Amino acid sequence: MANDIGAFFANEEDKKVAAASIRQHIHRYWDPRMRSRIIAYYNETGGGELEGPVRAAIQQLAEETAAKA
């Protein structure tokens, strides 16, 4: 599902802007349990199946979550 969101932002030339937009969407609209699962997936595997800006967005979310803990 995260890669589908990334596909929506694929036309954004600036990949940092795309990643920030993806992060914002996931933070706003995903249930906290879903966010926790994708962050755990990223932390455990490095997010190998996540595409470019999506991986960067999940990395940002993972870092934010770790900073709050």
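Residues numbered from 1 in each chain as written. Predicted model: local features only at pLDDT ≥ 70, side-chain atom pairs only at ≥ 80, totals over all residues. Heavy atoms only, no water.

Asker: What is the right way to look at the side chain of N3 in this model?
Answerer: By the secondary structure assignment, N3 is in helix α1 (residues 2–8). Separated by 2.8 Å, the side chain of N3 and the backbone oxygen of E49 make a polar contact. (Helix = DSSP H or I, 4+ residues; strand = E, 2+ residues; numbered from the N terminus. Polar contact = N/O pair within 3.5 Å; in protein donor to acceptor, adjacent residues only side chain to side chain.)

Asker: So what exactly am I meant to see when it comes to the side chain of R35 here?
Answerer: Tracing the chain through its elements places R35 in helix α3 (residues 32–45). Among buried Asp, Glu, Lys and Arg side chains, R35 stands out as unpaired, with D31 the closest opposite charge at 7.2 Å. Here H27 takes part through its backbone oxygen, which lies 3.0 Å from a polar atom of the side chain of R35. Among all residues touching R35, those that are not within four sequence positions of it are I26, H27 and W30. (Buried < 20%, exposed > 50% of the residue type's maximum accessible area, 1.4 Å probe, protein only. Lys, Arg positive; Asp, Glu negative; His and termini not counted. Salt bridge = Lys/Arg side-chain N within 4 Å of Asp/Glu carboxyl O. Contact = heavy atoms within 4.5 Å.)

Asker: Before we go on, may I ask you to explain the pattern of salt bridges in this structure?
Answerer: Between side chains of opposite charge, pairing is possible as soon as their charged atoms come close. Evaluation of the coordinates by the stated rule reveals 2 salt bridges. For E64, the salt bridge is made with R23, and the minimal N-O distance between the two is 3.5 Å. Of this pair, E64 sits in helix α4 (residues 52–68) while R23 sits in helix α2 (residues 15–29); the two residues are 41 residues apart in sequence, bridging distant segments of the chain. Among the residues examined, E64 registers a relative accessible area of 31% and is labelled partly exposed. Between R33 and D31 there is a salt bridge; the shortest N-O distance is 2.9 Å. You can call R33 exposed: its relative accessible area is 58%. On the basis of relative accessibility, which here comes to 28%, the residue D31 falls in the partly exposed class.

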